[in-house]
Amino acid sequence: MKSLIIGGEEVDTGEYSSIVNPANGEPFEKVSVIKDKDLIKRSIDLAEDSFREFSKLPLKDRSKILMKASEIMEMRKEDLAKTLSLESGKPIKDSRVEILRAISVFKIAAEEARFVLEGKVHRVDAYEYPPGNQNRIVMEVREPLGIVAAILPFNFPANSFAHKVAPNIVAGNTVIVKPSVSTPLSALELGKIMYEAGLPRGVLSVLIGDSAVIGDELITSKKIQGITFTGSTKVGLSIASKAVLTSKRLMMEMGGSDPIIVLNDADIEKAVNVSVKARFEYAGQNCNAGKRIIVHEDVYDKFSKMYIDAVNKLKVGDPLDENTDVGPIISNTAVNTMNDFIEDAKNKGAKIYSGLRIQKGYYYPLTVLINASPDMKVMKEEVFGPLAPIVKFSSIDEAIDIANSTDYGLQSAIFTKDLNKALRISKELKFGAVIINNSTRLRWDALPFGGVRMSGLGNREGVRNTIMTMTEPKILSIELE
Ligand code: NAD
């Protein structure tokens, strides 16, 4: 049984929720859950009380806590990866990568905060107004916001924790984390590690329980100044609409339906290999998975055949097996949603190539849709599972129109040997990133990451951006004698 973390104290509430292994559908662990709103209020009060002292801790000391936490994570990385695989169904080789990334996010935050938080002295003597500027020193410094609520998605329980906690802690904020109810174990482990690394009491809480109850308490509290959310667009927008009423700083990272455009001069073998991995890694449950593949008519048949062959080579199996490429999806509800997408595509004329169906847990057959068309639901909505629609285009304008024909705008990719064409297309793609000749999955953890349109609201995530967003500029003016 795992307890909640309230300001560093492990709390057993006496009420539990079972954590299910998506690979067999069976519960393997229990976590304490919040039933009583008083515990949420207590976490907020602790975060408020500890902020005053914590924000005064020298930056070098806050950086040291993160460095120490990264060292402990490094020592326990195999256990952390196993926990992540068990709760999320992520293949162990991918879980190891996620833990290594989380460790690196802690280090980047510890190392780079000093540069991001650097202030300025303004040359106000350049301005006529207000009069007397030649006798003033005007500085701009950055100060932490206060309490930040971090709401995590199920699909990156460790790296999302790292992105939402490490930059805020180094900035001097206190943090209340609300992980997904499906995958809370990694966040609880990382929360404990933060305290082992020397985090002062009160600064961080990890709350598990009914999302709407905990969420509403955090979102509506005037004591909380910032929300960093990653999850679906529907939930993100509903949180944002309430959070603005108490004037909170927002970082909302939401859904995606990333296109991959393959031109007729592309290196087809590379385009196939990259786009299969981009779509089927973690059974298609990545925000920036290559969810729609848009291929020039000259190479469509060749590409589609090679794509199906490559999908057939993927090894579907137990997430803890070293050789597994693709595991289950997160829940039975997710399985039913996938069935609806396929039914709609079938009715609208798609040819369906489907892999083996595993009759346990929440596995879904790896599926490719040939002759997909832009009117299908798979081309408009976010598909969070192992399903790849391949659409044909004949002109570059048509490819751009298809790529832009969803409400989402996270990342995108183009495969071509002609850099001029790629740059022309990239100007018209309405996405937060355009990756030329590689995967929509590319992300650099230090840099801004996120989407436009319905994929993002407020500032983007990324260590430097989070530190910047979750701190306030303050002008300090000193009058000289
Ligand atoms: P979700 O929207 O269902 O849940 C996200 C989080 O919000 C969870 O912790 C959930 O418990 C919480 N939540 C749900 N209802 C709430 C409420 N009323 N108040 C407060 N919190 C509430 O998303 P998910 O299924 O966990 O994650 C998958 C989604 O996340 C996909 O859409 C994916 O694209 C997106 N995602 C985006 C990024 C990105 O960087 N843009 C990264 C990873 C995942």
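Note that this is a predicted model, so its numbers are computed, not measured.

So, on to the overall build of the protein chain. Looking only at helices and strands, the protein chain has 15 helices and 22 strands in total. A globule of 481 residues ought to have a C-alpha radius of gyration of about 23 Å, and the protein chain, at 24 Å, matches this closely. Expressed as a percentage of the 481 residues in the protein chain, the buried residues total 55%. At a minimum sequence separation of 6, the contacts of the protein chain that also span at least 24 residues come to 73%. Entry remark: accessible area of the protein chain is about 20,200 Å², with carbon and sulfur atoms responsible for 51%.

Let us look at the UniProt feature "domain: Aldehyde dehydrogenase" (unreviewed entry) in the protein chain. Sites flagged by UniProt as "domain: Aldehyde dehydrogenase" (unreviewed entry) map to residues 16-475. Here residues 16-475 is 41% helix and 22% strand, with 48 Å between the C-alpha atoms at its ends.

Attention shifts here to the sheet that holds strand β19 (residues 433-436). The strand order across the open sheet built from 7 strands is β14-β15-β16-β13-β12-β18-β19, with neighbouring strands paired in mixed fashion. Edge positions in the sheet fall to β14 (351-354) and β19, since each of these pairs with one other strand and no more. Within this sheet the neighbouring strands show an average axis-to-axis angle of 20°, counted without direction. One ladder, built from 4 bridges, connects β14 with strand β15 (residues 367-372); its direction is antiparallel. Opposite Ser354, over in β15, you have Thr367 as the bridge partner. Along the sheet, helix α10 (residues 300-313) makes contact with β12 (258-262), β13 (290-296), β14, β15 and β16 (387-393), crossing β15 at roughly 170°.

The next point concerns the pairing of β15. Among the 6 residues of β15, 5 are classified as buried, and the element is accordingly described as predominantly covered. Pairing of β15 with β16, which is carried by 4 bridges, proceeds in the parallel orientation. By the bridge assignment, Val368 is partnered in β16 with Ala388.

Calculation rules
Every residue gets a number counted from 1 within its own chain, in the order that chain's sequence is written. The predicted nature of this model means local features are confined to residues of pLDDT at least 70 and side-chain atom pairs, given and counted, to a pLDDT of 80 or more, with totals for whole chains, interfaces and linings taken over all residues. For the side-chain quantities, the full set of heavy atoms in the structure was used; hydrogens and water were omitted. Labels follow the DSSP assignment, with helices taken as runs of H or I lasting at least four residues and strands as runs of E lasting at least two, numbered in each case from the N terminus. To get the radius of gyration, use the C-alpha atoms; to get the globule rule, take the number of residues to the power 0.38 and multiply by 2.2 Å. Each residue is assigned to one of three classes by its accessible area relative to the maximum for its type, calculated with a 1.4 Å probe on protein chains only: buried under 20%, partly exposed between the two thresholds, exposed over 50%. The criterion used for residue contact is that any of the two residues' heavy atoms lie within 4.5 Å. Surface accessibility follows the Shrake-Rupley procedure with a 1.4 Å probe radius. Residue values consider only the protein chains on display as shielding. UniProt positions are given in the numbering used here, feature names are shortened, and annotations may be inferred rather than shown by experiment. The criterion for strand pairing is that DSSP finds at least two bridges linking the strands in question. Each axis is a line fitted through C-alpha atoms, taken for helices only over the stretch in contact, and angles between the N-to-C directions span 0 to 180 degrees.

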